[in-house]
Structure formats: C-alpha cells, structure tokens
Amino acid sequence: MHKKRHQIKDRLFKIFRLYTSGKASTEQEKFVDTFYDSVGTEENVQESDMESISKEIKSNIDKIINTNPKVISFPWAAVKVAAAVVLIGAASILLFNLRQEQAEQPQYGQVSSHEETPILLVGSDSVYALGEEPPEGTSYKIIDDQKVLVFAARAEENESKLPKVVKNPTKNVFTFLLEDGTQIWLNSGAEVEISPQFGLIHRDIVATGEVYFDVAKQQINGRAIPFTVHTPLQRIEVLGTQFSINRSDSDEESIHLVEGKVKLTHNLYKTSTLLKPDQKAILNGSSSNILVVRAEDSNKVNAWRKNLFYFEDQTLASVMEELSQWYSVEIHVDKSIAQIPITGIITRYKNIQDALQIIEMTNNINTVKEGGKIYVKESQR
C-alpha cells in the first residue's frame, strides 16, 4: 500500500477513535458527522484511495454503532455534501496534521503569500496597521467564525468626520463592520474609501478590486438613507442587500447580486439596469451595453469571503490556472489530464504545496517543482 495512503488511513482512524470515545474537538465532530453522512455504500470498481479508505472507515463505524448504539449519534444526518467535496475536506484535515508531524521533512513548492497587514488611512495624515491591536475607535469581534474589525458608532450625530480608506494588500480576506451595521469583505488587493459624514445624509463608498457588501438598511426620521458604491465604471444604488463587485482588469467590471435589488449606472455612457438576485452584470469601458446573465458562481463568491477556494466541476487546467494566479507561480499541466473534473473546497493555504497535495490525495496526479515552475502529470502509482 502506498505510504501516503497509510498516513491518510491512520489519521482518519485516529479522528474517528476520538469521536467514538467522546474526546474529539468540535471541529473533528463536525468533520465526522459530515464525512459519515456523505460516504455512500455502493461498490465502485475503480475507486480512488480516498474512496476506498472512506468505505473502510464507514464499515468500522457501522460496527461500533451496531455494538453500542448509544455511544455515537449523527446530528448532521440531514446534511448532504458532495462526496468529492468531503473527501477534499478530509484531505485538508489530514494534511494539517501531517504537516505538524513532518515539519522537519524537506518540502517542494514553497510558494508563500507575502506577509503584510491591512491598513486604515484616516484623512491624509493618519495611517494605522490593522494587526492584533485595533486603532482607537475600533475593536475586533468574532462574527460567524471570522475576525471582524468594528467601527464604533459616532459619539455625536453631527460630528465632523474625515474620509477613511481601508486597504487589504494581504493574501487573506479582511472584513470590517461599519457604524450602520454594513459588513464589507475585501479580497486580496482590494480597498474601499468611506466618505466623510457617512450615515448622516448619505452612505457613499468608493471601491476598488473584489469587494463583497452586506448592506444594512438605515433610516433617519423615517427616511431611508441610500447606500451608493462608486467604482471606475459604475455607480451602484442599494438600500439593503448583498452583492459582490469585481474589477478583473483595467477595462471590465462585474457585479453579482446575491439578494435584494440594486440599480447600476454606467459612468461613461449613463446606461443603467436593475439587477435581481442571482443575476450578474458585466460592464466594459469601451461599450455602453451592460450584459446581464444568470450568476453561476454564487458558491465561489461565498467561498472567497471565508478564505477558501471553491471548485465545482472545473477542469484541472482551470483549477491550476487559478492557483497559479493566486500564488504567483508558473504551473504547467500535462495535456492528458488537463480536462479532469475537480470539485471541492480548499483553504487558501500560505503555501501552494499544501493545496496541491490535497488535490493529489483525491486525484490520480502528481506535481513536481523544477526550475521554479510546477509541473502537473498523471501519477504512475
């Protein structure tokens, strides 16, 4: 049996032994519940290592349950998760633990994201690094398992304010909560400028890069305070909604509406349109047309907010292209395996090696680093 398969199997059995003895952590319990419910019972002649291991473990758990049904229960029994996603999730947990045990071993593909800190600029003079210690007037709190910077409410309603700019030069998603209850997520390289007097008579934001908004409704004396997002190509008017904007290059932008309703207007040509939930609009600087299509990437949009890669039936070639762009490393995929479908959720690890090893565990591929480049080939095992 392949050495890696032994390691995976041993690690999985250790997690399940902790579960059945009542000593597992909350994260391990959730993993076991989801894992158990998603693994099928039908035989597969050409099953992968992970599928084979999964069925072997499921069989052992069934024996435990039949022997002592009071020992174990599965509160997530109603949750159905695609097997491929769960297997990649299993590999993620295993990889973390194996990394802890094998830290002394040489590793290839050490492509690390640069270490920086999100920045808050207030006016033209004050610059704050948003590290562990938040600047005055802000604090950190945990919301839905994410660390969120919270801006304090104004001490006085008519208080004069300076513009604030929040920048995220890091390879991690940064999220913060405005005074009105609106939450904003900044993907890598994104930034927003918050206008002076925000929330008094208007709520204006200037956004650059990929930004997600969960806009809170706000009223003063019975009058709704509009929320407007300005980008180089458009003006987006909302009251209360969730949407993501992304400027993929210098001449094209997109907006993906998750819920609510927004009106967007092209800055150059003044054309406008209304978007409904699960619609996506694409604007170009050289055309007055606003293309509206059905949004097919809602899961991907929601995943990046949690610092995750999401792949749904994507080809191996497209997955590697996405990883190549994120980690700034050249990746070459052998044509014979370029069209292999990949489905799963992977943490945006610091090193590309970790992401690649998870994909290796769940697919018949092998990755090799040569001359600063990564080559993906069919495994010969």
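Residues numbered from 1 in each chain as written. Predicted model: local features only at pLDDT ≥ 70, side-chain atom pairs only at ≥ 80, totals over all residues. Heavy atoms only, no water.

An unreviewed UniProt entry lists the chain under the name DUF4974 domain-containing protein, from Sphingobacterium alkalisoli.

A. The side chain of Thr175, seen in detail. As for its placement among the helices and strands, Thr175 is situated in strand 6 (residues 174–177). Beyond its immediate sequence surroundings of up to four residues, Thr175 is in contact with Gln146, Lys147, Val148, Leu149, Gln183, Ile184 and Trp185. (Helix = DSSP H or I, 4+ residues; strand = E, 2+ residues; numbered from the N terminus. Contact = heavy atoms within 4.5 Å.)

B. A look at the sheet that holds strand 13 (residues 227–230). If you trace the nine strands from one edge of the open sheet to the other, you get 2-1-5-8-9-13-14-17-18, paired in mixed fashion. At either end of the open sheet lies a strand with only one pairing partner, and these are strand 2 (126–129) and strand 18 (272–275). Sheet twist, expressed as the mean angle between neighbouring strand axes with direction ignored, is 20°. With four bridges joining them, strand 5 (residues 164–167) and strand 8 (residues 191–194) adopt antiparallel strand pairing. Looking across to strand 8, one finds that Lys164 is bridged to Ile194. (Pairing = 2+ DSSP bridges. Axes fitted to C-alpha atoms, helices over the stretch in contact; angles between N-to-C directions.)

C. Seen up close, the pairing of strand 3 (residues 138–143). Strand direction decides the pairing type here: strand 3 and strand 4 (residues 146–151), joined by six bridges, are antiparallel. Opposite Ile143, over in strand 4, you have Gln146 as the bridge partner. Between strand 3 and strand 4, which pair antiparallel and follow one another directly, the connecting turn spans two residues, one of which, Asp144, has a positive phi of 50°.

D. Layout of the environment of Ser328. Assignment of secondary structure puts Ser328 in the loop between helix 6 (316–327) and strand 22 (331–333). Taking the relative accessible area as the measure of exposure, Ser328 reaches 63% and is therefore exposed. (Buried < 20%, exposed > 50% of the residue type's maximum accessible area, 1.4 Å probe, protein only.)

E. Highlighting the environment of Leu283. Mapped onto the elements, Leu283 comes out in strand 19 (residues 279–284). Put simply, Leu283 and Ser254 are 29 residues apart on the chain and 6.2 Å apart in space, counted from C-alpha to C-alpha. Setting aside anything within four residues of it in sequence, one finds Leu283 in contact with Leu233, Gln234, Asp251, Glu252, Glu253, Leu264, His266 and Ile290.

F. Representation of the sheet that holds strand 22. The three strands lie next to each other as 22-25-24, forming an open sheet whose pairing is mixed. The open sheet has two free edges, formed respectively by strand 22 and strand 24 (365–370), since each of these has just one partner strand. Averaged over all neighbouring strand pairs, the angle between strand axes comes to 20°, with direction disregarded. Direction of pairing for strand 24 relative to strand 25 (residues 373–378): antiparallel, over a ladder of six bridges. Within strand 25, the residue paired with Glu370 across the bridge is Lys373. Taken strand by strand, helix 7 (residues 352–362) contacts strand 22, strand 24 and strand 25, and its axis lies near 155° from that of strand 24.

G. Representation of the nonpolar core within the structure. One finds Phe176, Phe213 and Phe243 to be the most contacted residues of the largest nonpolar core, which totals 34 residues. Of all hydrophobic cores here, the second largest spans 22 residues; its members include Phe311, Val319, Leu323 and Ile346. (Core = buried A, V, L, I, M, F, W, Y, C linked by side-chain atoms within 4.5 Å.)

H. Main features of the pattern of salt bridges. All told, the structure shown has seven salt bridges when counted by the stated rule. Among the salt bridges present, the one from Glu179 reaches Lys164, with a minimum N-O distance of 3.8 Å. Within this pair, whereas Glu179 is found in the loop between strand 6 and strand 7 (183–186), its partner Lys164 is found in strand 5, the two being separated by 15 residues in sequence. Among the salt bridges present, the one from Arg203 reaches Asp180, with a minimum N-O distance of 2.5 Å. One end of the pair, Arg203, is in strand 9 (residues 203–208); the other, Asp180, is in the loop between strand 6 and strand 7, with 23 residues separating them in the sequence. Using a relative accessible area of 0% as the deciding quantity, one classes Arg203 as buried. (Salt bridge = Lys/Arg side-chain N within 4 Å of Asp/Glu carboxyl O.)

I. A look at empty space enclosed by the protein. Tallied over the entire structure, the rule returns one cavity of 30 Å³ or more. Every residue lining the largest cavity is listed: Ala207, Thr208, Gly209, Thr231, Pro232, Gln234, Ile245, Asn246, Arg247, Glu253 and Ser254. When residues of the lining of the largest cavity are traced back to their parent elements, those giving at least two are strand 9, strand 15 (242–249) and strand 16 (252–259). Here the lining of the largest cavity takes three residues from strand 15, the largest share from any one element. (1 Å grid on protein atoms, 1.4 Å probe; cavity = no way out; pocket = protein on both sides within 12 Å on 5 of 7 lines; lining within 4 Å. Points joined across faces, edges and corners; volume = space filled by probe spheres on them.)

J. Representation of the packing of aromatic side chains within the structure. With the rule as written, the count across this model stands at nine aromatic pairs. Both rings, one in Phe174 and one in Phe176, keep their centres 6.3 Å apart while their planes meet at 35°; by these two values the pair is tilted. Summarising the burial analysis for this pair, Phe174 and Phe176 share the class buried. Ring geometry for Phe309 against Phe311: centres 6.1 Å apart, planes inclined by 10°, an arrangement best described as stacked. Cluster of aromatic residues (ring-pair linked, three or more members): Phe198, Phe213, Phe227 and Phe243. Directly above the aromatic system of Tyr140 lies the positively charged group of Lys147, at a separation of 4.4 Å from the ring centroid. Sitting over the ring of Trp185, Arg305 keeps its end group 4.5 Å from the ring centre. (Phe/Tyr/Trp six-rings, centres within 6.5 Å; stacked < 30°, edge-to-face > 60°. Lys NZ or Arg CZ within 6 Å of the ring centre and 35° of its normal.)

K. Highlighting helix 7. Burial analysis of helix 7 places eleven of its eleven residues in the buried class, which makes it a mostly covered element. When we look at burial in helix 7, the residues that qualify are Ile352, Gln353, Asp354, Ala355, Leu356, Gln357, Ile358, Ile359, Glu360, Met361 and Thr362.

L. Layout of unusual backbone geometry. With a phi close to 65°, Asp278 is a non-glycine residue in the positive phi region. By secondary structure assignment, the location of Asp278 is in the loop between strand 18 and strand 19.

M. Representation of the environment of Asn363. You can see Asn363 is positioned in the loop between helix 7 and strand 24. Exposure remark for Asn363: the relative accessible area of 15% places this residue in the buried category. Distance in space between the C-alpha atoms of Asn363 and Ile342 is 8.5 Å, their sequence separation being 21 residues.

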